[in-house]
Amino acid sequence: MSVMLIAHTRLSDEFKRHLYVSTRSDTMSFRNVASAAEDSGYVPTDGAANDGQAVALTAIRTCYSANKPSEIVALEGEKYFRNSASDGEGGTEADRLFRHITRSGHLSTLEHLTYTFAIEGVSRALLAQLTRHRVGFSFSVQSQRYVRMGSGDKSGGFDYVIPPSVGDQEVPDTNRYEGTSAAWTRQSPLRAIEIYEDAMLSAQEAYDKLRAAGVPAEDARMVLPNAAATNLTMTANLRALLDFYGKRRKGRGAQWEIAELAEALRQAAVAVDPWADPYFDAA
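Residues numbered from 1 in each chain as written. Predicted model: local features only at pLDDT ≥ 70, side-chain atom pairs only at ≥ 80, totals over all residues. Heavy atoms only, no water.

*Asks:* Now, about the side chain of Ser-65: what can you tell me, with residues and values included?
*Replies:* Along the polypeptide, Ser-65 turns up in the loop between α3 (51-62) and α4 (69-82). A polar contact of 2.9 Å, which involves the side chain of Ser-65, links it to the backbone nitrogen of Asn-67. Those residues within four positions of Ser-65 in sequence are excluded, and the remaining contacts are Ile-72 and Glu-76. (Helix = DSSP H or I, 4+ residues; strand = E, 2+ residues; numbered from the N terminus. Polar contact = N/O pair within 3.5 Å; in protein donor to acceptor, adjacent residues only side chain to side chain. Contact = heavy atoms within 4.5 Å.)

*Asks:* Would you mind going over the packing of helix α9 (residues 238-248) against helix α10 (residues 256-272) in detail, with residue names and values included?
*Replies:* At their nearest, the axes of α9 and α10 sit 9 Å apart, and the two run at 145° to each other. In this structure, α9 meets α10 at a crossing whose hand is left-handed. Of the residues in α10, those in contact with Leu-241, Phe-244, Tyr-245 and Arg-248 of α9 are Ile-258, Ala-259, Leu-261, Ala-262, Glu-263, Leu-265, Arg-266 and Ala-269. Residues belonging to the contact of α9 with α10 are distributed by class as follows: nine nonpolar, no polar and three charged. (Axes fitted to C-alpha atoms, helices over the stretch in contact; angles between N-to-C directions. Left-handed = near helix turned anticlockwise from the far one by under 90°. Nonpolar A, V, L, I, M, F, W, Y, C, P; charged D, E, K, R; others polar.)

*Asks:* Break down the packing of aromatic side chains for me, with residues and values.
*Replies:* Counting across every chain of the model gives eight aromatic pairs. Ring centres of Phe-98 and Trp-275 lie 5.0 Å apart, and the angle between their planes is 45°; on these two criteria the pair is classed as tilted. With Phe-98 in helix α5 (residues 93-104) and Trp-275 in the loop between α10 and α11 (277-282), this residue pair connects regions lying 177 residues apart in the sequence. Phe-98 sits in the buried class, given a relative accessible area of 2%. For the pair Trp-275 and Tyr-279, a centre-to-centre distance of 6.4 Å together with 65° between the ring planes defines the contact as edge-to-face. Of the aromatic side chains, those joined through ring pairs into one cluster are Phe-98, Trp-275 and Tyr-279. (Phe/Tyr/Trp six-rings, centres within 6.5 Å; stacked < 30°, edge-to-face > 60°. Buried < 20%, exposed > 50% of the residue type's maximum accessible area, 1.4 Å probe, protein only.)

*Asks:* Mind laying out the pairing of strand β2 (residues 114-123), listing which residues take part and the relevant values?
*Replies:* In terms of burial, β2 is a largely internal element, seven of the ten residues being buried. Bridging between strand β1 (residues 2-8) and β2 involves six bridges; their strand directions are antiparallel. Bridged to Val-3 within β2 is Ile-119. In the sheet, β2 pairs with strand β4 (residues 229-237) via nine bridges, with the strands oriented antiparallel. Among the inter-strand pairings, Tyr-115 is bridged to a residue of β4, identified as Ala-236. (Pairing = 2+ DSSP bridges.)

*Asks:* Residue-level account of α3, with values.
*Replies:* Compared with an ideal rise of 1.5 Å per residue, which puts twelve residues at 16 Å, α3 spans 16 Å between its outermost C-alpha atoms and is within 8% of the ideal. Of all twelve residues in α3, eleven are buried; the element is thus mostly enclosed. Along α3, the residues classified as buried are Asp-51, Gly-52, Gln-53, Ala-54, Val-55, Ala-56, Leu-57, Thr-58, Ala-59, Ile-60 and Arg-61. Among the residues of α3, the N-terminal cap falls to Asn-50, whose side-chain oxygen and the backbone nitrogen of Gly-52 are separated by 3.1 Å. (Expected span 1.5 Å × (residues − 1).)

Don't take any of this as a statement about function, it's just geometry.
What follows is the structure, encoded as structure tokens:
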């Protein structure tokens, strides 16, 4: 499995220019927002707020402020990004506000932050689980109808995912010498991984034979297993990601593969929005 963040919510150049014009004094309220700071000549400091926090603050305060959305960061950013949290739980006043909104259930304000991921080498079994999460998610999935999975095709045949539970354990009532004269005198049980990989090979051979017989790829794919690997591009907003993580994280009864995906998505998101990490813990 491979997960890469392709894109995430960023402030527009127009908005950053607007901030600069609105806050050109030495007390620039948004000087801690790294991208605006860079464009305006200010040097970002440790713990600087980022674009995601600016968008979250704008969305949240729009509901409660008399200021216009385009003015909120310029007029209120100083208060929220440069003052310590008044609730004693650490971080800035912005962090306090985000905690309050999360705990109060006003999570629609987090839907304005989005992340687009490249997810590669996951099973079709995982895909069936993942696409049950619909609200706040968008999926573009590699098609087995248009991408030929034959051994002689560009794909080189289908890849597959091996569960960690499938290993070298012996399979009862099997003998690798079955069907040979040695079976009378020699016993050697097959291993689980051998049974599994043989099933994958058989599926590939069946697919290849059906295609050779003129069966269209869209029909020949019916013999491909749940283990067949696929790739997808997925976009999700922060509220949806938190909900997904809360349901699919390790220890919540989710299957191992989707639990690994949940953790990988979290790590990719908090790499660019570290301020959001505590909300995954609370999910």
